[in-house]
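# Per-entry structural report
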Amino acid sequence: MSAEAERRVLVGRIVGVSGTAGAVKMESWTSPRLQIFRYQPWILKAGSGEREIRGCRGREQGKGMIATLPGVDDRDQAAALIGAEIWVLRSALPAPKPGEYYWTDLEGMDVATVDGVALGQVSHLFATGANDVLVVRDAERERMIPFVLEQFVKQVDLDARRLVVDWDPDF
């Protein structure tokens, strides 16, 4: 398996228990949030350990979600999973539509201005509500560049692992 296919994506977290039969309360960071159940197997990471599970099912309940996990049959087993992160292999996710990108695919990419000035690498991204923001770091500084295609982000080359931005290197 290639390094690209082995890359993992954090898609949710277990936040509590529901009832006595081993169901868990969880958060999903997929869109729509029920989509998390289509991306399996899950890799549950808690503390220093991890395990892979398949066949997870769930539903929305109010503002949250409830899931049943194979092999988790009582409240004590479910409680032991509180705080566990839910990861999936990047290869389990569908290909993005043209002009759309998974954040994980952008992380680590080199960033340069339209004039060829190297700004560093994408450390991570975050959402502001208005637009997503690239956090670009080099040895000396950190820059926050709005991820707005055409206006600031002029080119995304996934094969070359490079972004070209219209950005003042001194800003």
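Computed from a predicted model, the values in this text were never measured in an experiment.

Attention now goes to the packing of aromatic side chains. Enumeration according to the criterion identifies four aromatic pairs in this entry. Centroid distance Phe37 to Trp42: 5.6 Å. Interplanar angle 35 degrees. Geometry classified as tilted. For Trp42, a relative accessible area of 0% corresponds to the buried category. Summarising the aromatic geometry, the rings of Phe152 and Trp167 are spaced 5.5 Å apart at their centres and angled 75 degrees between planes, so their arrangement reads as edge-to-face. Remark: Trp167 occurs in the segment after strand E13 (162-165) and Phe152 occurs in the loop between strand E11 (142-147) and strand E12 (153-157); sequence separation between them is 15 residues. The residues Phe152 and Trp167 share a single accessibility class, namely buried.

With that settled, the discussion passes to the nonpolar core. Among the nonpolar cores identified, the biggest contains 23 residues, and Trp42 and Leu69 are the most heavily contacted of them. Secondary structure elements with two or more residues in this core: strand E1 (8-18), strand E2 (23-28), strand E3 (42-46), strand E6 (64-68) and strand E7 (85-89). If sequence neighbours within four positions are ignored, Trp42 has contacts with Met26, Ile36, Phe37, Arg51, Glu52, Ile53, Cys56, Leu69, Ile86, Trp87 and Val88. Counting residues in each nonpolar core, the second largest holds 16 residues, with Leu125, Val136, Phe147 and Phe152 among its members.

Analysis parameters
- In this numbering scheme, every chain counts its residues from 1 along its sequence in written order.
- Local features are withheld for residues below a pLDDT of 70 in this predicted model, meaning they are given only at 70 or higher, and side-chain atom pairs are given and counted only at 80 or more; totals for whole chains, interfaces and linings count all residues.
- Only hydrogens and water are set aside; all other atoms, that is, all heavy atoms of the structure, feed into the side-chain values.
- Any two rings among Phe, Tyr and Trp, with Trp reduced to its six-membered ring, count as a pair given centres within 6.5 Å; such a pair is stacked if its planes are under 30 degrees apart, edge-to-face if over 60, and tilted if neither.
- Three exposure classes are used, based on accessible area relative to the maximum for each residue type with a 1.4 Å probe and protein chains only: buried under 20%, partly exposed in between, and exposed over 50%.
- To qualify as a helix, a DSSP run of H or I must reach at least 4 residues; to qualify as a strand, a run of E must reach at least 2; elements of each kind are numbered from the N terminus.
- In these notes, a set of buried Ala, Val, Leu, Ile, Met, Phe, Trp, Tyr and Cys residues joined through side-chain atoms within 4.5 Å is what counts as a nonpolar core.
- Residues are treated as being in contact if the distance between any of their heavy atoms lies within 4.5 Å.

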